[in-house]
Amino acid sequence: MYRVVLIDDENIIVEGLRRVIKWADYGCEVVGTASGAEEGAALIRKLQPHILFTDIRMLAALRSEFPDMQVTVLTGYQDFSYAQQAIRLGVTRFLLKPSKMDEIKEALVTMTTRLDAQSQLRHQEEEPEEEQHGAGSFIVNQAMAYIEEHYAEKLTLQSVADCCY
């Protein structure tokens, strides 16, 4: 199960997310919530979640300390500079409040998919070279072949992924 922490200065947002989403359906469990930056930072250090839903103001200090954590920013600020800052901090999704449930669920799917891929990659790196075989390396080989064949075109991660499935 992926550990999730929810941090927002609006308690109704935190409680709404915690109660409305069926976290187990995504292989997740909400392990903690907080309503302030200091409380949230302490909670993250203690629980080391895989996934964080938070406001951008609470994110900057935490990002460098937890670079692998998947983050969705929930903010009421529509200012473009906030979106730019979120991009620089490497957030997975940037959602404006109030967010639609479909957007939140899509962000959750994206974050768990990335975590699955990171876990699989770490596992493959731990295996000795001669033991790497099966579907994982088949997909990698297929992707490499596609990239070699289409290198002169504009490649996207989606186009490479589409060739492999």
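That block above? That's the structure.
Being a predicted model, the structure only gives us computed values, none of them experimental. (Residues numbered from 1 in each chain as written. Predicted model: local features only at pLDDT ≥ 70, side-chain atom pairs only at ≥ 80, totals over all residues. Heavy atoms only, no water.)

Concerning the overall build of the protein
Note the cut-off: Note on conventions: DSSP H or I runs of at least 4 residues are helices, E runs of at least 2 residues are strands, and numbering of each starts at the N terminus. Relative accessible area decides the class of each residue, using a 1.4 Å probe on protein chains only: under 20% of the type maximum gives buried, over 50% gives exposed, and in between gives partly exposed. Only the protein chains shown count as cover for residues, and the accessible areas themselves come from Shrake-Rupley with a 1.4 Å probe. Positive: Lys, Arg. Negative: Asp, Glu. His and the chain ends are not part of the count. Where a charge lies is defined by one atom per residue type, namely NZ (Lys), CZ (Arg), CG (Asp) and CD (Glu).
When its secondary structure is counted, the protein shows 7 helices and 5 strands. Written out in order from the N terminus, the α and β elements of the protein read β-α-β-α-β-α-β-α-β-α-α-α. Overall size of the protein, expressed as C-alpha extent along the three principal axes, is 50 × 35 × 30 Å. Counting over 165 residues, the protein shows a buried share of 34%. As presented, the protein carries roughly 10300 Å² of accessible surface, and 53% of it is formed by carbon and sulfur atoms. Looking at the protein, you have 16 positive and 26 negative side-chain charges, and the mean spots of the two groups are 9 Å apart.

Thoughts on the packing of aromatic side chains
In plain terms, the rule: By convention, a stacked pair of Phe, Tyr or Trp rings (six-membered ring in the case of Trp) has centres within 6.5 Å and planes under 30 degrees apart, an edge-to-face pair has planes over 60 apart, and any other such pair is tilted.
Applying the stated criterion across every chain yields a total of 2 aromatic pairs. Aromatic side chains Trp-23 and Phe-53 sit 5.9 Å apart centroid to centroid with 75 degrees between the ring planes, which places their arrangement in the edge-to-face category. Taken together, the residues span a long stretch of sequence, with Trp-23 in the loop between helix 1 (11-20) and strand 2 (28-34) and Phe-53 in strand 3 (residues 51-54) at a distance of 30 residues. For the pair formed by Trp-23 and Phe-53, the shared burial category is buried. Considering the side-chain rings of Tyr-77 and Tyr-82, the 4.6 Å spacing of their centres and the 15 degrees angle between planes classify their relative orientation as stacked. Here Tyr-82 falls in the partly exposed class, since its relative accessible area comes to 21%.

Details of the side chain of Gln-70
Rule in force here: Identification of polar contacts relies on pairs of N or O atoms within 3.5 Å, with a donor-acceptor requirement for protein atoms, meaning one able to donate a hydrogen and the other able to accept it, and with residues adjacent in sequence counted only if both atoms are side-chain atoms. Should any heavy atoms of two residues lie within 4.5 Å, those residues are considered in contact.
Tracing the sequence through the fold places Gln-70 in strand 4 (residues 70-75). Taking relative accessible area as the criterion, Gln-70 reaches 5% and is therefore assigned buried. Within the structure, Gln-70 has its side chain in polar contact with the side chain of Thr-92 (distance 2.9 Å). Setting aside its immediate chain neighbours within four residues, Gln-70 contacts His-50, Ile-51, Leu-52, Thr-92, Met-111, Arg-114, Leu-115 and Gln-118.

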